[in-house]
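# Remarks on the overall topology
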Amino acid sequence: MSGKPNSDRRTERRQETQREIVEASWDVVREHGLAGLSMRDLGERVGMRAQSIYSYFDSKHEIYDAMFLEGYEALAAWMTAAVDEHAAATDPIGVARASVRSFVEFCTDDPVRYQLLFQRTIPDFTPSPDSYAVAVQVYEQFSEHLSAVGVRDQATLDLWTAMLTGITDQQISNDPGGDRWKQLIDRAVDMLLADARTHTNPESEQV
């Protein structure tokens, strides 16, 4: 006889159910807000009693953690697709602009996901080390692109990330579905590039 052992099939079924629960969780929070994740509502959507969900996730925060991981994996794939590595070597300024535009587009496309990934909306929720490692990977990739245009010290990098989230927040809050603040991205990038040329402190460069 051939085929996978029963234990492997059980693991696959469990993982598939976990993915289904996470997908349904996104549906719930997009309808009711990030803090509106109800286990009863979630159970109804996946066809099980609320208590049964705890057979797959130990807590609601563990579900949020799985969503956090999925969100950052999606962001990593999104940013990679948006940035041509060949262009990164030949047109670093263009890549910096593309990175910022891609980030803002990703975030404004799904405000609830943006809240989970970049704002402390859920009380006492802290991502697990494995999930947070993916977030660090995305941050380091973005830092590498900015390093190519002279952004190498922590203070200047902090200013760039503040600009990213600031434009995103303004777009989501004041012009949802529009592009009023998105239109300012290239101008903001040019301003920060000029600032980086005059304020970068070699003694504070990242290691």
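Look a little higher up for the structure.
About the thresholds
Residues numbered from 1 in each chain as written. Predicted model: local features only at pLDDT ≥ 70, side-chain atom pairs only at ≥ 80, totals over all residues. Heavy atoms only, no water. Helix = DSSP H or I, 4+ residues; strand = E, 2+ residues; numbered from the N terminus. Contact = heavy atoms within 4.5 Å. Buried < 20%, exposed > 50% of the residue type's maximum accessible area, 1.4 Å probe, protein only. Axes fitted to C-alpha atoms, helices over the stretch in contact; angles between N-to-C directions. Parallel < 35°, antiparallel > 145°, perpendicular 65-115°, else oblique. Left-handed = near helix turned anticlockwise from the far one by under 90°. Nonpolar A, V, L, I, M, F, W, Y, C, P; charged D, E, K, R; others polar. Core = buried A, V, L, I, M, F, W, Y, C linked by side-chain atoms within 4.5 Å. Salt bridge = Lys/Arg side-chain N within 4 Å of Asp/Glu carboxyl O. Patch = residues over 30% accessible without salt bridge, like charges linked within 9 Å, V, L, I, M, F, W, Y side chains within 5 Å. Areas by Shrake-Rupley, 256 points an atom, 1.4 Å probe, with all protein chains shown as cover. Lys, Arg positive; Asp, Glu negative; His and termini not counted. Charge placed at Lys NZ, Arg CZ, Asp CG, Glu CD. Phe/Tyr/Trp six-rings, centres within 6.5 Å; stacked < 30°, edge-to-face > 60°. Polar contact = N/O pair within 3.5 Å; in protein donor to acceptor, adjacent residues only side chain to side chain.

### Quick word on the side chain of T17
Note on placement: T17 falls in helix α1 (residues 6-32). Other than its neighbours up to four places away in sequence, T17 contacts M48 and Y56.

### With respect to unusual backbone geometry
In the Ramachandran plot, D124 falls in the positive-phi region, its phi being about 70° despite a non-glycine side chain. Along the polypeptide, D124 turns up in the loop between α7 (111-118) and α8 (129-147). Residue class for D124 comes out exposed when judged on its relative accessible area of 73%.

### Brief notes about the packing of helix α4 (residues 60-82) against α8
One can describe the packing of α4 onto α8 by two numbers: an axis separation of 8 Å at closest approach and a directional angle of 25°. Taken together, α4 and α8 sit at an angle that is classed as roughly parallel. The two elements α4 and α8 meet at a crossing, and its hand is left-handed. For the pair α4 and α8, the contacting residues are D65, F68, L69, Y72, E73, L75, A76, M79 and T80 in the first and S131, Y132, V134, A135, V138, Q141 and F142 in the second. When its residues are assigned to classes, the contact of α4 with α8 shows 11 nonpolar, three polar and two charged.

### Some remarks on the nonpolar core
Residues I63, V100 and W160 are the most contacted members of the largest nonpolar core, which totals 52 residues. Those elements giving two or more residues to this core turn out to be α1, α2 (39-46), α4, α6 (92-109), α7, α8, α9 (154-174) and α10 (185-199).

### Brief notes about the pattern of salt bridges
Under the definition given, this model contains eight salt bridges. With its nearest N and O atoms 3.2 Å apart, the salt bridge here joins D41 to R45. Here D41 and its partner R45 are both found in helix α2, four residues apart, which amounts to about one turn of the helix. Relative accessible area serves as the criterion here: at 18%, D41 is assigned to the buried category.

### Observations regarding a negative patch on the surface
A cluster of like negative charges, contributed by E20, E23, D27, E70 and E73, occupies part of the molecular surface. Every element with two or more residues in the negative patch is listed here: α1 and α4. At three residues, the largest contribution of residues to the negative patch is made by α1. Mapped onto the fold, E70 is located in helix α4.

### Overview of the packing of aromatic side chains
Taken as a whole, this structure holds seven aromatic pairs when the rule is applied. Centroid distance Y64 to F125: 6.1 Å. Interplanar angle 55°. Geometry classified as tilted. A residue pair is termed long-range when its members are at least 10 positions apart, and Y64 in helix α4 and F125 in the loop between α7 and α8 qualify at 61 residues. Considered together, Y64 and F125 belong to a single accessibility category, that of buried residues. Arranged with centres 5.6 Å apart and planes meeting at 35°, the rings of Y114 and F118 form a pair that is tilted. Here the residue Y114 and the residue F118 both occupy positions in helix α7, the gap between them amounting to four residues, near one helical turn.

### Let's talk about the side chain of S131
In this structure, S131 sits in helix α8. A distance of 3.1 Å separates a polar atom in the side chain of S131 from a polar atom in the side chain of D65. Among residues more than four places away in sequence, those in contact with S131 are D65, F68 and L69.

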